[in-house]
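One-letter residues, chain by chain:
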Amino acid sequence: MAKSKSGPGKLAEANIGAEKFLRGQGGETHQIADGDTPVLTTAQGIPVADDQNSLKIGPRGPVLLEDFHLREKIFHFDHERIPERVVHARGFGAHGFFEMTDTTLAGLSTADVFQRAGEQTPAFVRFSTVAGNKGSPDVARDVRGFAVKIYTQQGNWDIVGNNIPVFFIQDAIKFPDLIHAAKQEPDRGFPQAQTAHDNFWDFISLSPEAMHMAMWIMSDRTLPRSFRFMEGFGVHTFRLIDAAGKTTFVKFHWKPKLGLQSVVWNEAVKLNGADPDFHRRDLWDAIQAGTPAEWEFGVQLFDEAFAESFDFDVLDATKFIPEELVPVKIVGRLVLNRVVDNFFAETEQVAFSTGNVPPGVGFTNDPLLQGRNFSYLDTQLKRLGSTNFTHLPINAPKCPFHTFQQDGHMAMINPKGRANYEPNSWGPEIGGPRESPTLGYKPAAEQITGDKLQAKGEKFADHYSQARQFFVSQTPIEQTHIKDAFVFELSKVETPAIRARMVSHLLNVDKTLAKLVADGLGLAELPKPATPARPVIKDLPPSAALSIIANGPKRFEGRKLGILVTDGVDAKLLAALQNAVEAAGGVYELVGPKIGGVTCTKGMVLPVKQKINGGPSVLYDAVAIIPSAAGAALLANEATAKDFVNDAFAHAKFIAYCADAMPLFDKANIAADMDAGFVELTSPADAETFIAACGELRFWEREAVVHAV
Ligand code: HDD
């Protein structure tokens, strides 16, 4: 029996290291080994002789209660689940670091993390959908959570944001109603992970403050291609606080290095069937392949004078500040380069709170933010079961910390010595920590007087102006997607009055949009516009930063090519495609008739990643279809191969093909010379031309051809 010791004081990391299977009392780790193989034990450390059979009287006799291993094993299994998050239940996390690339913020905030450029501070990010339950698909139409925990030297700083800079509601008191309405309806328990149902649109149509967010959620922002291709926002206005106590207002931004990208709706619907884990797999694969995901960290900084002059209230989370008005200054970066060791320990148990801010960062009186600061701590107790959830390694600060908190369920960090209160007179050695007026957290000083009442700031009442500004900032393709999304969602609403009520709001946003949605719904007559509480500002200038398509990265980096191959595939052509996609920073997967692989013209067997019925074209950003003539004849009779071509076409993807692919195209009813989104590979040299074209990501002109209603 081998025994190893990690020594005392290592308890905090004891349950994250996969190689440390057992923990003994006092923080020691023991490994009982039979040769090189560790011996299975109970949680009490008793070695197990038989893990296949419970203890019985005779081989066919009754099971004995005496079997402590059986009892403990089933007991533990029965309690494996903890309550899932009420919102943002489905999530995926990764580790990395946060780094300032610039010291602009050093003069504006005392936060230690802002003081030095080039220093890496550990970070953990959890992405999520909002409405879906834990087992729901990744590519649901939904807002994405973008929660960042930065383990600074002054404690944990959580920026608990979304991939959309505005929110549905203005006051936290409405949050339970919003979420109840969005999630499955209480009587039937469905639909899950979708807002296309009566309760949701009933609530939204009765909440004009949600109109701006309604435009964002019906846009492609809620169908991100992956976490790596979406922005993140702190949403609220926060404060930076300098050494003299002076504050600067700030909005936090994350901008993806690989640019923004979304999928189209029909693709999302099919993706959720083909790979319900599409987003998490993408991030996992990218990090495991050694290509970290990266975002720029940007800030919009402004003062009281700007806040006063702005058309909207900076305390209203349903409004954003256009980048054209207050530019986003890039001051840092966030890199995710390490997957979790254990999903439950890290991604499931990570606990964020807007209330976690280091000295130098402060709150504003945004009523949504104030309510959030209360809600998160409360939620952690419910989910993690103990006030000691900060003892879990994923939640524990990585800087020294000293509190007089003690006891409670599962207390793992237990102070030694006599002093568990202060002030005390035990002296510095055993008296424990002391408050520090110089180093400690100080909120921004703010004088507040007023009547006690339930009300909102006057400018909160403008509900349509920025909704309109968002819409007019979109390209025509994106405007059509918004229209189509409204028509789709409201067509799932069974109550005609709710559909009409939504159109009455859209009339205040954009008349053409409202009319097109009404037409798409087959509304017999246009309703009267809803009465706005404040006049709609119709001439807010379009903001170029709001369009995904207009800000495309124009490169294929980080994207994936699906290559459909068969026996007899041209080895040179395939190699040229592989080289071109890799040179562009992309990746590829081979899709073929059998998982065992295909034999190429050089006689080698090439493994394929997907069998054709498990590798539909929705999994890829672009496709190349290069079967041999015999292979194409075979695929022409395979429905999933025809779908591969048809879907790539319908989803406006760039399609490369060789002449031998024609029988498959013919059977799929696709003419390869239909538009400039097709690239024929007549020789290996054409591969580069094709991958260069793929930099546009989609051949959007085709959309008008594939949608008649
Ligand atoms: Fe929230 C989770 C983001 C409003 C109450 N929220 C949660 C998560 C994100 C957000 C990203 C998941 C964190 C994780 O990955 O563990 N929430 C937002 C944003 C909001 C917002 C951007 C508006 C600007 N949230 C909001 C309000 C309340 C909550 C107004 C309640 C008053 N949110 C919660 C929660 C959750 C949560 C119930 C569920 C699980 C958790 O906190 O840890 O407390």
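Everything numeric here is computed off the predicted structure, so don't read it as measured data.

Caption draft 1: Quick look at the overall build of the chain. A tally of helices and strands in the chain yields 20 helices and 20 strands. A globule of 709 residues ought to have a C-alpha radius of gyration of about 27 Å, and the chain, at 29 Å, matches this closely. If you line up the chain on its principal axes, its C-alpha atoms span 85 × 80 × 55 Å. Looking at the 709 residues of the chain, the share that counts as buried comes to 51%.

Caption draft 2: A look at the packing of aromatic side chains. What the rule picks out here adds up to 31 aromatic pairs. With a centroid separation of 6.4 Å and 75 degrees between ring planes, the pair formed by Tyr-657 and Phe-678 is classed as edge-to-face. Residue Tyr-657 is located in strand 19 (residues 655-657), and its partner Phe-678 is located in strand 20 (residues 678-680); the two are separated by 21 residues in the primary sequence. Exposure remark for Phe-678: the relative accessible area of 8% places this residue in the buried category. Grouped by ring-pair contacts, the aromatic residues Phe-98, Phe-114, Phe-127, Phe-146, Trp-157, Phe-227, Phe-238, Phe-252, Trp-254, Trp-295 and Phe-297 constitute a single cluster. In this arrangement the basic side chain of Lys-149 is found over the ring face of Phe-352, its NZ or CZ atom lying 5.1 Å from the centre. Looking at Arg-559, its charged tip hangs above the ring of Phe-229, at a distance of 3.9 Å from the centre.

Caption draft 3: The arrangement of the sheet that holds strand 19 in detail. Spatially, 17-14-13-18-19-20 is the arrangement adopted by the 6 strands of the open sheet, whose pairing is parallel. Where the open sheet ends on each side, the last strands, each with one partner, are strand 17 (610-611) and strand 20. Both strand 13 (residues 560-564) and strand 14 (residues 587-592) contribute to a ladder of 5 bridges, which runs parallel. Bridge pairing in strand 14 places Lys-560 opposite Val-587. Seen against the sheet, helix 15 (residues 571-583) touches strand 13, strand 14 and strand 18 (622-625) and runs at an angle of roughly 150 degrees to strand 14. Strands in contact with helix 17 (residues 639-650) are strand 13, strand 14, strand 18, strand 19 and strand 20; relative to strand 18, the strand with the most contacts, it is inclined by about 140 degrees.

Caption draft 4: Just the site of the ligand, in detail. Neighbouring residues of the ligand: 23 residues in total, closest Arg-85, Arg-126, Arg-372, Tyr-376 and Thr-379. The separation between an oxygen atom of the ligand and a polar side-chain atom of Arg-85 is 2.8 Å. In this structure, Thr-379 approaches the ligand through a side-chain N or O atom, which is 3.0 Å from an oxygen atom. Elements that contribute at least two residues to the shell around the ligand include exactly strand 5 (144-152), strand 6 (155-162) and helix 9 (367-384). For the shell around the ligand, the per-class residue count stands at 11 nonpolar, 9 polar and 3 charged.

Caption draft 5: Here's a closer look at the pairing of strand 4 (residues 120-129). Most of strand 4 sits out of view: 8 of its 10 residues are buried. As paired strands, strand 3 (residues 91-100) and strand 4 are joined by 9 bridges and run antiparallel to one another. Bridge assignment links Gly-93 to a residue of strand 4, and that residue is Arg-126. Relative to strand 5, strand 4 runs antiparallel, the two sharing 7 bridges. Bridged to Phe-124 within strand 5 is Lys-149.

Caption draft 6: Layout of the domain arrangement of the chain. When the domains of the chain are assigned, the result is domain 1 (9-78), domain 2 (91-192 + 218-391), domain 3 (466-549) and domain 4 (554-708). Each of domain 2 and domain 4 has a C-alpha centre, and these two points are 36 Å apart. The interface of domain 2 with domain 4 comprises 18 residues on the first partner and 17 residues on the second. Buried surface at the junction of domain 2 and domain 4, both sides included, amounts to about 1,300 Å², of which 46% is carbon and sulfur. Considering only the side of domain 2, the residues that lose the most area to domain 4 are Leu-258, Gln-261 and Glu-267, jointly responsible for 36% of the buried surface there. Taken together, the links from domain 2 to domain 4 amount to 4 salt bridges. Between Asp-647 and Lys-270 there is a salt bridge, with the nearest N and O atoms lying 2.7 Å from each other. Taken together, the connections running from domain 2 to domain 4 amount to 10 residue pairs in polar contact (both at pLDDT 80 or more). Counting residues per element, the side of domain 2 that touches domain 4 draws most heavily on helix 5 (residues 265-274), at 5 residues. Of the residues contributing to the side of domain 2 that touches domain 4, the split by class is 8 nonpolar, 4 polar and 6 charged.

Caption draft 7: Inspection of the pattern of salt bridges at higher detail. Across all of its chains, the model carries 36 salt bridges by this definition. With a closest N to O distance of 2.6 Å, Arg-116 and Glu-119 form a salt bridge. On the basis of relative accessible area, Arg-116 is assigned to the partly exposed category, the value being 32%. Across the pair Glu-231 and Arg-221 runs a salt bridge, and its minimum N-O distance is 2.6 Å. Taken as a pair, Glu-231 in the loop between helix 4 (211-217) and strand 7 (232-233) and Arg-221 in the loop between helix 4 and strand 7 lie far apart in primary sequence, 10 residues in all. Residue Glu-231 is classed as buried on the basis of its relative accessible area, which comes to 5%. Through salt bridges with shared partners, one network takes in Arg-90, Asp-138, Asp-277 and Arg-280.

Parameters at a glance
- Residues numbered from 1 in each chain as written.
- Predicted model: local features only at pLDDT ≥ 70, side-chain atom pairs only at ≥ 80, totals over all residues.
- Heavy atoms only, no water.
- Helix = DSSP H or I, 4+ residues; strand = E, 2+ residues; numbered from the N terminus.
- Rg over C-alpha atoms; globule rule 2.2 N^0.38 Å.
- Buried < 20%, exposed > 50% of the residue type's maximum accessible area, 1.4 Å probe, protein only.
- Phe/Tyr/Trp six-rings, centres within 6.5 Å; stacked < 30°, edge-to-face > 60°.
- Lys NZ or Arg CZ within 6 Å of the ring centre and 35° of its normal.
- Pairing = 2+ DSSP bridges.
- Contact = heavy atoms within 4.5 Å.
- Axes fitted to C-alpha atoms, helices over the stretch in contact; angles between N-to-C directions.
- Near = heavy atom within 4 Å.
- Polar contact = N/O pair within 3.5 Å; in protein donor to acceptor, adjacent residues only side chain to side chain.
- Nonpolar A, V, L, I, M, F, W, Y, C, P; charged D, E, K, R; others polar.
- Domains from an automatic or database assignment.
- Buried area = accessible area lost by both parts, 1.4 Å probe.
- Salt bridge = Lys/Arg side-chain N within 4 Å of Asp/Glu carboxyl O.

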